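So you can see what is in the structure, the chains are spelled out below.
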Amino acid sequence: MAASSADTWYSNPFPLVPVVRLGPSADLGEAPVEAADSGNAHVATQFLGDLEGLVRDYLRDRARGGRRGRAIAVVGEFGLGKSHAAREICNRLARPDGPAMWIVDEPVQDFGRMYRDRLRGPADTPEGRAAFEELVRDYYAYVTAARVGEQSSDSRPGRADDIPLGDIALDDIATGLRDRVLDPDKVVSALRYDPEVMHADLRVTLGEVTEHRRFATAFALLQDPRFSSMVWAWLTGDEPAPQLRERGIKDAVTGIDPVFDALAVQGFLHGRVGKPYVLLIDSLEKVLDWPEDSRRTFVDAFERLVNVYVSRGGLLVFCTSPSGLNAFRPSLHERVVQLWPNRFTAELTADLVAEYIGSGARPGPDLGAGAIERWPAPFGSESVALLRELTGGVPREILKTCHHAWQLSEDGGGAVREVTAASVLRAVRDLHDNVSEDQVLSTIHDALALGQWRIASVDPVPARGPAADGPLVVAYWLEPFPNAYIAIVVTPSVLVADDQERITARVRALRGALHPARAEVLLVVNGLVSRTMRDRLARSLGSQPLLYRPGDFEGAVNEALDRLRARLTQLRQEADLAELTSELRGALGEHSSQLGRLRRTVSDLARRDLVAAAPGPARTALPEPVEGRFEEVFSLLDAAVERLAGRSSGGGTGESPPLRAGRADLTALGCATLVRQLTERFRTGADAWFRAASPGAPSEEQWAGLRRVCREYETAVEVLPVQSLGSSGPAHRPSAARAVEALADEVWGGLVSAVRAP
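**Q** Can you tell me about the nonpolar core, naming the residues and giving the values?
**A** Membership of the largest hydrophobic core comes to 83 residues, with the highest contact counts inside it found for F298 and F302. Sequence-distant contacts of F302, defined by excluding residues within four places in its chain, comprise F260, I281, L284, L316, F318, F328 and L332. If you look at the next biggest cluster of nonpolar residues, it comprises 40 residues, including F630, A668, F682 and V740.

Right under this line is the structure:
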């Protein structure tokens, strides 16, 4: 880095928009400055090492029977360095003795235009064209020699390099052609080359891959100087010349399928003669934005191309997001090697910053703690640690933040002596808090209208003054159902512990003013929240914060609110059940104390007398079938009490020792007693309803009253362990449990029939 002193830096070395494109250059938005090449800073990572190792293995591989092809998928989220990795591979392979290489820096829907104007390949340079023409001659000679060898064992006519071909085995001729010992032109001439030989070979080999004849014709004409320029124009995407149309080449290479066909055939020629060939594709996930028809055509054609490269000795490297990879079938996943770049650690973040500002190598322990603390100056270890935490270790975000923090650290003369942690923090806020609060609130309003959410008529928690909450805003109180609320809270970036504590305190205050089971909070962050801070907020709030991002934010808000509404529903049910359970436990506790007294006296009473002593319910005005059903249930419950009371008292027959009362027996006895009381209350309520009901045609309000009486009994019985009451006698008779569980429905049916009877 150019500097006027050891402690002063000038000229911002970091790119404003760090976007890498495939090829020898990078489009970073600014020209590189002296001593800091903004386009080629490189940090060695395990991921890059793995990718380079796979490419080296491919180039070294000369397995018997031909080179083994492979496809490599570089998969990761945006900004993790996928394009940078692909560019490193591109730069390493782009040398005079390197393999043939085709480069697609970004698929576009107009595939013909992309192929014509943006695809980079061997045809871009005179050297590349000459190499490809020589490859075609080699291929013709190779195929012709193999065909003649299959068809005849006679002596071979003609001479090549003054060597009688009749004295050379055809296998040796093929080997000589591959090794460039024999002149392919002389071999083809001597073997009386026929263009149909190549047509037949392409038909056999590529019949299932592409329409081969026009490419075979073009490659044959490529050897004729009269047609070579026309063929090259057609191969690079132009409309075919009239001379080519006369020979069957009628359409330009345009559209998704024809372009992939052209890439497959050109690559196939290299693989056929044992030459390596490479295709690099960046930003493959862009196809997800295409219309369905174009996207499906691309996916099918690309999968065919992968199969050609893998089976025919090519190397295909493509970069995509995880969603882009998932757009392809599982069969493609099995045929590619997947490499996933990781987020940068604090050490890699420091190395990346040092590469751009030219701070030199990381200082060792021998240089002292001060040098380690200041490296990579002017940032220093504290600034780098904060930088890594706030950007999540995403290289693109690191560089953008460094660029802005550098600008904030410049003095009046443009000099930078130190980039402090405070400057990094401010840079992050400036970069991410760039959407107005009004815009966020407007988008949330549209989302609520889309989801038809009910806004509370009155805020359940009074608003406080702006000074109390700072930038924290309760945008809306929603009431998804009566006495249940969801607060939508909007806040700027959450970066440090103070931000998190302020939000947590406010949310706890909101919830503390309401019933815990009747309030949820959706936190919308208009800016950035780091991974660490997001986890902290999720633990303290009980729900994940939602980041505002342009696009389908309305859908994201509605999905989040739906989940919170479902959680409120569950919490309310749990709270109601807990309240009912608490009441039942209190009642069971009271009855347990009564049972304790009962155990002390039951041994002095006859079990039959105990039941007889129980006060029987008075007669009611209920219809006879309904009253009889209640009497039957009371009988079953009395029998259960008699049986359980006898067991708890230790009584038994003379033939077996007395049973000792257990906790389960006492619980069952308490349950039986409580159910009997609930049944008596149910009968009283049913009797009162029947006396008040209008004969023949009760009102809707009266029907609702009957439903409520029956439902209360049914709900109470559902939460009690009535199955512990056991059987009351022979198997063919109903048990107490079944009787009380069915009683509400039977009473409802009997009363309905009675009041509707003429």
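**Q** Requested: an account of helix α2 (residues 82-93), with residues and values cited.
**A** Since the α-helix turns once every 3.6 residues, residues separated by three or four places project in the same direction. For α2, spanning 12 residues, the distance from its first C-alpha to its last is 17 Å, which sits close to the expected 16 Å at 1.5 Å a residue. Of all 12 residues that make up α2, 10 are buried, and the element is covered over most of its length. Listed as buried for α2 are K82, S83, H84, A85, A86, R87, E88, I89, C90 and L93. Where α2 is buried, its residues touch α1 (46-60), β1 (70-75), β2 (100-104), β5 (277-281) and β6 (315-320).

**Q** Kindly report on the side chain of E303, identifying the contributing residues and their values.
**A** By the secondary structure assignment, E303 is in helix α12 (residues 292-311). Beyond its immediate sequence surroundings of up to four residues, E303 is in contact with F328, R329 and L332.

**Q** Give a description of unusual backbone geometry that names residues and reports values.
**A** Cis rather than trans, the peptide bond between A377 and P378 has omega equal to 10°. Within the fold, P378 resides in the loop between α16 (369-374) and α17 (380-391). In this model, Q452 sits at a positive phi of 55°, which is unusual for a non-glycine residue. Positive phi, close to 60°, is recorded for N483, a residue that is not glycine. Relative to the elements of secondary structure, N483 occurs in the loop between β8 (473-481) and β9 (484-494).

**Q** Report on the sheet that holds strand β10 (residues 519-529), specifying residues and quantitative values.
**A** Overall, mixed pairing links the 4 strands, which are arranged β8-β9-β10-β11 in an open sheet. Two strands in the sheet have a free side with no partner beyond their single neighbour: β8 and β11 (546-547). Examined bridge by bridge, β8 and β9 share 6 bridges and lie antiparallel to one another. In the sheet register, F481 faces β9, and the bridge partner there is A484. Against the sheet, helix α20 (residues 437-451) touches β8, β9 and β10, its axis set at about 10° to β8. Along the sheet, helix α23 (residues 531-541) makes contact with β9, β10 and β11, crossing β10 at roughly 170°.

Each value, and the rule that gives it
- Residues numbered from 1 in each chain as written.
- Predicted model: local features only at pLDDT ≥ 70, side-chain atom pairs only at ≥ 80, totals over all residues.
- Heavy atoms only, no water.
- Core = buried A, V, L, I, M, F, W, Y, C linked by side-chain atoms within 4.5 Å.
- Buried < 20%, exposed > 50% of the residue type's maximum accessible area, 1.4 Å probe, protein only.
- Contact = heavy atoms within 4.5 Å.
- Helix = DSSP H or I, 4+ residues; strand = E, 2+ residues; numbered from the N terminus.
- Expected span 1.5 Å × (residues − 1).
- Pairing = 2+ DSSP bridges.
- Axes fitted to C-alpha atoms, helices over the stretch in contact; angles between N-to-C directions.

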